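Single-letter residue listing:
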Amino acid sequence: MKCRRHFFSCFEAVLPDGSIEYFSSNVVKNTTGYNLKDLIIGSEGTLAIITEVTLKLLPAPVETCTLLIPFNSLEECADMVPKLVALPATPTAIEFLEQELLEIVERTLDKRLPTTAGDAVLIVMYDTNSKEEMDLAIEAAAESALSNGALDVFVADTPQSQSQVWGVRGAILEGMKADSVSQEECDIVVPRDKIAEYVREARKITDRLGLRVEPCGHCGDGNIHTEILRGPEISDEEWKASTQTAIKELYALAKRLKGQMSGEHGVGNGRIEYLEEFVGPRMIKLYKAVKLAFDEKLILNPGKIVEFQEDRKRG
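Keep in mind it's a predicted model, so treat the numbers as computed, not measured. (Residues numbered from 1 in each chain as written. Predicted model: local features only at pLDDT ≥ 70, side-chain atom pairs only at ≥ 80, totals over all residues. Heavy atoms only, no water.)

1. A word on a nonpolar patch on the surface
Among the surface-exposed residues, Ile41, Ile50, Val53, Leu55 and Leu57 lie close enough to one another that they form a single nonpolar patch of about 470 Å² accessible area. Locating Leu55 in the fold gives a position in the loop between β3 (49–54) and β4 (63–71). (Patch = residues over 30% accessible without salt bridge, like charges linked within 9 Å, V, L, I, M, F, W, Y side chains within 5 Å. Areas by Shrake-Rupley, 256 points an atom, 1.4 Å probe, with all protein chains shown as cover. Salt bridge = Lys/Arg side-chain N within 4 Å of Asp/Glu carboxyl O. Helix = DSSP H or I, 4+ residues; strand = E, 2+ residues; numbered from the N terminus.)

2. What about the side chain of Asp187?
Here Asp187 lies in strand β8 (residues 182–189). Buried and unpaired, Asp187 has no salt bridge, with Arg271 as the nearest side chain of opposite charge at 8.6 Å. At 3.0 Å, the side chain of Asp187 forms a polar contact with the side chain of Asn223. Separated by 2.7 Å, the side chains of Asp187 and Ser262 make a polar contact. Residues within four places of Asp187 in sequence aside, it is in contact with Asn223, Ile224, His225, Met261, Ser262, Gly263, Glu264, His265 and Gly266. (Buried < 20%, exposed > 50% of the residue type's maximum accessible area, 1.4 Å probe, protein only. Lys, Arg positive; Asp, Glu negative; His and termini not counted. Polar contact = N/O pair within 3.5 Å; in protein donor to acceptor, adjacent residues only side chain to side chain. Contact = heavy atoms within 4.5 Å.)

3. Regarding the confidence of the model for the chain
Here the chain shows a mean pLDDT of 91. Residues at 70 or above account for 95%. A low-confidence stretch, residues 1–7 stays under pLDDT 50, and its non-local contacts, those more than four residues away or across chains, total 18 contacts. (pLDDT = per-residue confidence, 0-100.)

4. Observations regarding the nonpolar core
One finds Leu67, Ile69, Leu84, Leu122, Tyr126 and Tyr198 to be the most contacted residues of the largest nonpolar core, which totals 59 residues. Among the elements that line this core, the one with the most residues is helix α8 (residues 236–256), at seven residues. Core analysis: the second largest hydrophobic core is formed by 17 residues, Leu68, Ile123, Ala156 and Met176 among them. (Core = buried A, V, L, I, M, F, W, Y, C linked by side-chain atoms within 4.5 Å.)

5. Quick look at the sheet that holds strand β9 (residues 212–218)
In a beta sheet, neighbouring strands pair by backbone hydrogen bonds and run either parallel or antiparallel. On the basis of which strands lie adjacent, the open sheet formed by seven strands has the order β7-β4-β6-β5-β9-β10-β8 and antiparallel pairing. Edge positions in the sheet fall to β7 (154–156) and β8, since each has one partner strand and no second. Going from strand to strand, the sheet's axes swing by 20° on average, the running direction of each strand aside. In this structure, strand β5 (residues 93–98) lies alongside strand β6 (residues 120–128), joined through six bridges in antiparallel fashion. Across the sheet, Phe96 pairs through a bridge with Leu122, a residue of β6. Against the sheet, helix α3 (residues 99–109) makes contact with β5, β6 and β9, and its axis sits at roughly 100° relative to β9, the strand it touches most. Helix-sheet contacts for helix α7 (residues 195–208) involve β5, β8, β9 and β10 (223–230), and the interaxial angle to β9 is about 160°. (Pairing = 2+ DSSP bridges. Axes fitted to C-alpha atoms, helices over the stretch in contact; angles between N-to-C directions.)

6. Focus on the side chain of Glu95
With respect to the helices and strands, Glu95 occurs in strand β5. Residue classification places Glu95 among the buried positions, given a relative accessible area of 7%. Within the structure, the side chain of Glu95 is placed 2.6 Å from the side chain of Arg169, a separation counted as a polar contact. Residues in contact with Glu95, not counting those within four places in the same chain, are Val121, Leu122, Ile123, Trp166, Arg169, Gly217, His218 and Cys219.

7. Notes on the environment of Met134
Tracing the sequence through the fold places Met134 in helix α4 (residues 131–147). Relative accessible area serves as the criterion here: at 4%, Met134 is assigned to the buried category. Between the C-alpha atoms of Met134 and Val62, which are 72 residues apart in sequence, the distance is 9.5 Å.

8. Considerations on the packing of helix α2 (residues 74–85) against α7
Across the interface, α2 lies against α7 with an axial gap of 8 Å and an inter-helix angle of 155°. In terms of orientation, α2 and α7 fall into the roughly antiparallel class. Contacts between α2 and α7 involve Leu74, Glu75 and Ala78 from the first element and Ile195, Ala196, Val199 and Arg200 from the second. (Parallel < 35°, antiparallel > 145°, perpendicular 65-115°, else oblique.)

9. A word on the packing of aromatic side chains
Taken as a whole and judged by the stated rule, the model has three aromatic pairs. For the ring pair Tyr251 and Tyr274, a centre distance of 4.9 Å and an interplane angle of 55° mean the geometry is tilted. Taken together, the residues Tyr251 in helix α8 and Tyr274 in helix α9 (residues 272–279) connect sequence positions 23 residues apart. On the basis of relative accessibility, which here comes to 4%, the residue Tyr251 falls in the buried class. Classification of Tyr274 as buried rests on a relative accessible area of 13%. (Phe/Tyr/Trp six-rings, centres within 6.5 Å; stacked < 30°, edge-to-face > 60°.)

Written out as structure tokens, the structure is:
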């Protein structure tokens, strides 16, 4: 891919005053000035509008394989993650799914994994540059998993078997929508060694409030999509009150476990009221100062991430 100035990895953005700026540079390594590139990328459209992007393209892997590793419990799944990460071959992805969620997908969408053993399963993907590398990665992962309580190791090494596994993972949200009236989600991230504890405590919170929760997510980075599902018996008033309470308690749980409120989805305006609890008042002041430095008239995505008095008047 090419762009003006032959930038190696960069983007062009229009600032709120209409000026055009280029972030990053035409060299491979650069520590000149502040790293504003990542600041803009993480700003949820509140600081600038990106109009042109140049990315470095990596060669496609020669070999791709997915392992399906069932365990008797989510705790065993979570305990396996650091052991997989410590192996010579680094997984491209590590996902976890519990049996209850797999049953929802099978019941509503008629999609199923090649194995139904255990109460929880890890989905582990490897990409390598040769078959020899892949064979070593599979052998090491399987040996480690089986010695740490895995019930089996299913190797999906064909396009058809991989499609079956990842098709189930990709159908999770659709399955939950088909199995409920509506949904509310927390995009929480916790340290990897706290995943099982978070899921266990999250279920206690939602059970106490009469709600149904289905956590799933990325074991490799601790990002847990905590989906609260609404049944037909819950009124609008009950749903609103109970989910607000649940979200507040789930965020408090994440904070207690040294986690954060969002791993992927960001803050926007839907979660802005919880942000200061995680980052503190000093950081909020810094966020506002950054916003004003880029957008003193508050015209880009007003009311997102940080809120000013002018945003409340507009609302």
